Amino acid sequence: MKNNLITAIQSNWVSLLVSVVIIGILYFLAKKRVGFGTRVLLALGLGLAAGIFFNTFKFDATSVGTIGTIYVDLVKMLVIPLVVVLVINSITSISNMGHLRKIGIKTISLFFITTGIAALIGLLVALAFDPGAGIQQAVPTTFKPRDIPTFSQVILDLVPTNPVSDMAGGKVVPVLIFAIFVAIAMVHVGSKKPELVQPVKQFIESFAQIMHQVTKYIIRLTPYGVYALIGTMAAKYGLETLAPLVKVILATYVALIIHFVLTFGGLITFVAKVNPFRFFRKAYPTIAVAFTTRSSYVTLPVNLEVITKRLGVSSRIASFVAPLGATMNMNGCGGVWPAIVAIFVARVYNVPLSISEYILIVVVSMISSIGVAGVPGPAAISTTVVLTALGLPVEGLGLVLAIDAVVDMGRTATNATGTTVCSVLIANSEGEFDRDAFNKDEEDQMELNPV
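All figures in this text were calculated on a predicted structure; none of them were measured in a lab. (Residues numbered from 1 in each chain as written. Predicted model: local features only at pLDDT ≥ 70, side-chain atom pairs only at ≥ 80, totals over all residues. Heavy atoms only, no water.)

## So, the overall build of the protein
Keep this limit in mind: Helix and strand definitions follow DSSP, with helices as H or I runs of at least four residues and strands as E runs of at least two, each counted in order from the N terminus. Between buried and exposed lies partly exposed: a residue is buried under 20% and exposed over 50% of the maximum accessible area for its type, with that area taken using a 1.4 Å probe on protein chains only. Contacts were defined at the residue level, with two residues in contact if any of their heavy atoms lie within 4.5 Å. For the area figures, the Shrake-Rupley method with a 1.4 Å probe applies, and any residue is considered shielded solely by the protein chains shown.
Of regular secondary structure, the protein possesses 19 helices and zero strands. Evaluated residue by residue, the protein yields a buried proportion of 53% over its 451 residues. Taking contacts inside the protein between residues at least 6 apart in sequence as the whole, the part at least 24 apart equals 85%. Accessible area of the protein: about 19800 Å², with a carbon and sulfur share of 68%.

Below, the structure written as structure tokens:
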């Protein structure tokens, strides 16, 4: 009977050797105090090159995938405790309920508006690129249409039933709502009997500081995780898988880039009145982690550190906006992507669309992006809702299965960056944005190099 370890080494020795060399290079650069963003960017390039090498020569890259999974699991470990302590800490620091309500309305409104703009951009780019032209492809046999949850089911999925079970199951939205209830109760009780609430507040504040330190430990692993995740992706799909749908990929990324430059850049420049180049440079860790992990939840701990330590937003605003954004802000998944897929499917199935249908795409994208908060696979659900609203074949979603992972990287990076932008805008409007800290050119306060 073969030893599993020996078998794994025999089948993965090339990818293991390459990984050891690349991880060694990245660690050496970290010891030399090379910037975190530079190391992440280098890791991304090395991962892409290594993955294409593995795919071209048919080398097993399972070991690389294991490294990436370990990184993602470690970051997931942070999400639930961070959401609980930071939301409670944030709300209890806002003693005025009117102020809390105002911040909540501003946050959700910004998410809603930016997603609508994203859908409009996706629509216009798709019309310009016409990505479905000349596509003659059967629906993949692996495609299974996603069920559209009813409105009542969406509401029920958001309501916490057993907080402990919700935490164990990684259900962020119910945990977020539970934390909000606890925080509001603490504010009310504290207004009458502060001595009863003080021990809990002290515990929450202490635990928040401890979780911040744990977060720093995990974030330092990001360059290695980025290499492994991108390497696995490239090794699995290669270049030949993407060729038939390259116009869809191109249209999606052009739309996402336009949204980054015009919407995010415009809001940061003209509303927050800060340098957009400095903003994107400082927000780069969030963009890189979201791009490689393809998860807003996994990116949340990194984004919180970026928003507070690199961008100068108060922890009170960041702790409220960032967890909410990880569940509700869908600029990429709920805005750009459904619009592009709708135009693509209509072209492939030769279904003409009028101006009224174009308007419907934008409106339904906005509504569905908010409505599927907390539902697994938000991009698939939002797209299904849009296709159904337009009377287009839902099976058309199966045509883009092969490239979903590739475009999902850009979609998630857009979602997470949108939350970062909204945090700066809201902090600026509330007088809780430290411009001096933002304008400092030193690396940051995140302590991302090994000690």
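## Some thoughts on the packing of aromatic side chains
Put simply, the rule reads: Pairing of aromatic rings covers Phe, Tyr and Trp, the last through its six-membered ring, and needs centres within 6.5 Å; plane angles under 30 degrees mean stacked, over 60 mean edge-to-face, and all others mean tilted.
Applying the stated rule across the entire model yields nine aromatic pairs. Ring plane angle 5° and centroid distance 5.9 Å describe the contact between Phe203 and Phe207, whose orientation is recorded as stacked. Taken together, the residues span about one helical turn, with Phe203 and Phe207 both in helix H8 (residues 194-219) at a distance of four residues. Look at Phe203 and you get exposed, because its relative accessible area is 52%.

## Remarks on helix H2 (residues 36-56)
For the record, the criterion: By this rule the span expected of a helix is its residue count minus one, scaled by 1.5 Å. What the arc describes is the spread of directions from the helix axis to the C-beta atoms.
For H2, with 21 residues, the first-to-last C-alpha span of 30 Å sits near the 30 Å given by 1.5 Å per residue. Taken residue by residue, H2 has Phe36, Arg39, Val40, Ala43, Gly47, Ala50, Gly51, Phe54 and Asn55 as its buried positions. Angular distribution of buried residues about the axis of H2 spans 125°; they occupy a single face of the element. Structural note: H2 exposes Thr38 and Leu41 on the side pointing more than 90 degrees away from its buried face.

## Quick notes on H8
Over its 26 residues, H8 runs 36 Å from end to end, which matches the ideal 38 Å to within 8%, given 1.5 Å per residue. Val197, Ile204, Ala208, Met211, His212, Thr215, Lys216, Ile218 and Ile219 are the residues of H8 that are buried. In this fold, the buried residues of H8 make contact with H2, helix H3 (62-92), helix H7 (172-192), helix H9 (222-237) and helix H13 (296-310).

## Thoughts on the side chain of Asp166
Of note, Asp166 is situated in helix H6 (residues 163-168). Residue classification places Asp166 among the buried positions, given a relative accessible area of 3%. Apart from the residues lying within four places of it in its own chain, the contact partners of Asp166 are Pro160, Thr161, Lys171, Pro174 and Val175.

## Let's talk about the nonpolar core
It is characteristic of soluble globular proteins that their nonpolar side chains tend to be buried jointly. The line we're drawing: Put simply, a nonpolar core is a bunch of buried Ala, Val, Leu, Ile, Met, Phe, Trp, Tyr and Cys residues held in one set by side-chain atoms that sit within 4.5 Å of each other.
Val83, Tyr227, Phe279, Val313 and Val424 are the most contacted members of the largest nonpolar core, which has 90 residues in total. Examining the composition of this core, we find that 15 residues originate from one element, H3, more than from any other. Discounting chain neighbours no more than four positions away, the residues touching Tyr227 are Ser15, Val18, Ser19, Ile22, Leu26, Ala43, Leu46, Gly47, Ala50, Phe54 and Val64. By size, the runner-up hydrophobic cluster in this structure holds 41 residues, among which are Cys333, Val362, Leu397 and Ile403.

## Comments concerning the side chain of Asn331
Mapped onto the fold, Asn331 is located in helix H15 (residues 331-348). Residues within four places of Asn331 in sequence aside, it is in contact with Phe111, Thr114, Thr115, Ala118, His259, Phe264, Val336, Thr414, Asn415 and Gly418.

## A closer look at a nonpolar patch on the surface
Just so we agree on the cut-off: Within this analysis, patches are made of residues with over 30% relative accessible area and no salt bridge. Like charges are joined at 9 Å or less; nonpolar side chains (Val, Leu, Ile, Met, Phe, Trp, Tyr) at 5 Å or less. Definition used for salt bridges: Asp or Glu carboxyl oxygen within 4 Å of a side-chain nitrogen of Lys or Arg.
Where nonpolar side chains cluster on the molecular surface, the patch consists of Phe112, Ile113, Ile117, Ile355, Ile359, Val363 and Ile367 and spans about 630 Å² of accessible area. For the nonpolar patch, the element with the most residues is helix H16 (residues 355-371), which contributes four residues. Positionally, Ile367 belongs in helix H16.

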